[in-house]
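Residue-level listing of the chains:
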Amino acid sequence: MTKRTFAGVLGFRQQLHGVQTFSLPDLPYEYGALEPAINGEIMQLHHQKHHQTYITNYNKALEQLHDAITKGNFTTVAKLQSAIKFNSGGHINHSVFWKNLTPTRDGGGEPPKCSLGLAIDTNFDSLEVVIQKMNAEGAALQGSGWVWLGVDKELKRLVIETTSNQDPLVIKGPNLVPLLGIDVWEHAYYLQYKNVKPDYLKNIWKVMNWKYAAEVYEKECP
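No experiment lies behind these values; they were computed from the predicted model shown.

Conventions used here
- Residues numbered from 1 in each chain as written.
- Predicted model: local features only at pLDDT ≥ 70, side-chain atom pairs only at ≥ 80, totals over all residues.
- Heavy atoms only, no water.
- Core = buried A, V, L, I, M, F, W, Y, C linked by side-chain atoms within 4.5 Å.
- Buried < 20%, exposed > 50% of the residue type's maximum accessible area, 1.4 Å probe, protein only.
- Helix = DSSP H or I, 4+ residues; strand = E, 2+ residues; numbered from the N terminus.
- Contact = heavy atoms within 4.5 Å.
- Axes fitted to C-alpha atoms, helices over the stretch in contact; angles between N-to-C directions.
- Parallel < 35°, antiparallel > 145°, perpendicular 65-115°, else oblique.
- Nonpolar A, V, L, I, M, F, W, Y, C, P; charged D, E, K, R; others polar.
- UniProt positions renumbered as here; feature names shortened; annotations may be inferred.
- Salt bridge = Lys/Arg side-chain N within 4 Å of Asp/Glu carboxyl O.
- Disulfide = S-S within 2.5 Å.

Quick word on the nonpolar core
Judged by nonpolar contacts, the single largest core of 54 residues is most densely connected at L149, L158, I182, Y200, I204 and W210. The element contributing the most residues to this core is helix α7 (residues 210-220), with 6 residues. Those residues in contact with W210, other than ones at most four positions away along the chain, are G109, E110, P111, P112, L116, I120, L127, L149, L180 and W205. The next biggest cluster of nonpolar side chains, apart from the first, holds 11 residues, and it includes V19, L62, A68 and V77.

Notes on the packing of helix α3 (residues 114-124) against α7
Relative orientation of the contacting elements α3 and α7 amounts to 90°, with a least axis distance of 8 Å. Considered as vectors, α3 and α7 are oriented roughly perpendicular to each other. Across the interface between the two elements, C114, S115, L116, A119 and I120 of α3 pack against W210, A213, A214, Y217 and E218 of α7. Looking at side-chain class alone, the contact of α3 with α7 contains 8 nonpolar, 1 polar and 1 charged residues.

Remarks on the UniProt feature "domain: Manganese/iron superoxide dismutase N-terminal" (unreviewed entry) in the protein chain
Mapped onto this numbering, the UniProt entry annotates "domain: Manganese/iron superoxide dismutase N-terminal" (unreviewed entry) at residues 21-101. Here residues 21-101 is 73% helix and 2% strand, with 26 Å between the C-alpha atoms at its ends.

Thoughts on the pattern of salt bridges
On inspection of all chains with the given rule, the structure shows 5 salt bridges. As a salt-bridge pair, E137 and K133 come within 3.0 Å of each other at their nearest N and O atoms. Taken together, the positions of E137 and K133, both in helix α4 (residues 127-140) and 4 residues apart, correspond to about one turn of that helix. For K133, a relative accessible area of 35% translates into the label partly exposed.

Here we look at the state of the cysteines
All chains considered together, the criterion is met by 0 disulfides. Lacking any disulfide linkage, C114 is separated from the closest cysteine sulfur, that of C221, by 15 Å. What makes C114 exposed here is its relative accessible area of 65%.

The following block contains the structure:
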């Protein structure tokens, strides 16, 4: 499978008429690099099909919005808000998700150290508590959604939250920044784990990129 280098969380280009459109970010690893925790087929479908669909529909909605505003059709503007929210959220969440993962050969699963490790001990007593709580909340989430470890950048406090569908973490609070997000939509695990979501949640920690989470934490809470 082709190795991909990540070109930015929200890569975009400009089209005619000044409409900003978004493109699929490349992965920083090969599709099969996270095996056996997440197999290559899942990663390829998840990235090329699911994430790409959110981007395609987001761009389409933005173009329709531009056209509706130009024509003064504000009924259409209102109707487009749901599609824009859903598909932009799908793009934002997945762009974070790919960076939350890394192969074990590159440090996947290695516990956080320094300031993030200390913050976890302060806020939750231990990393094991964080993992157990996120796994429990992810398993209990009805329907589709995400479970997040985030930081309130104003209070400098770690939080664990869930969001429905493709809602990003900021929905739960304007000062919340995601450190780690786990996709618990069925498309993220079903081909490999079938309906046993707890096994997926257990194994994904083996390829969790705590180095990335620590970098975001230190940027937001210097």
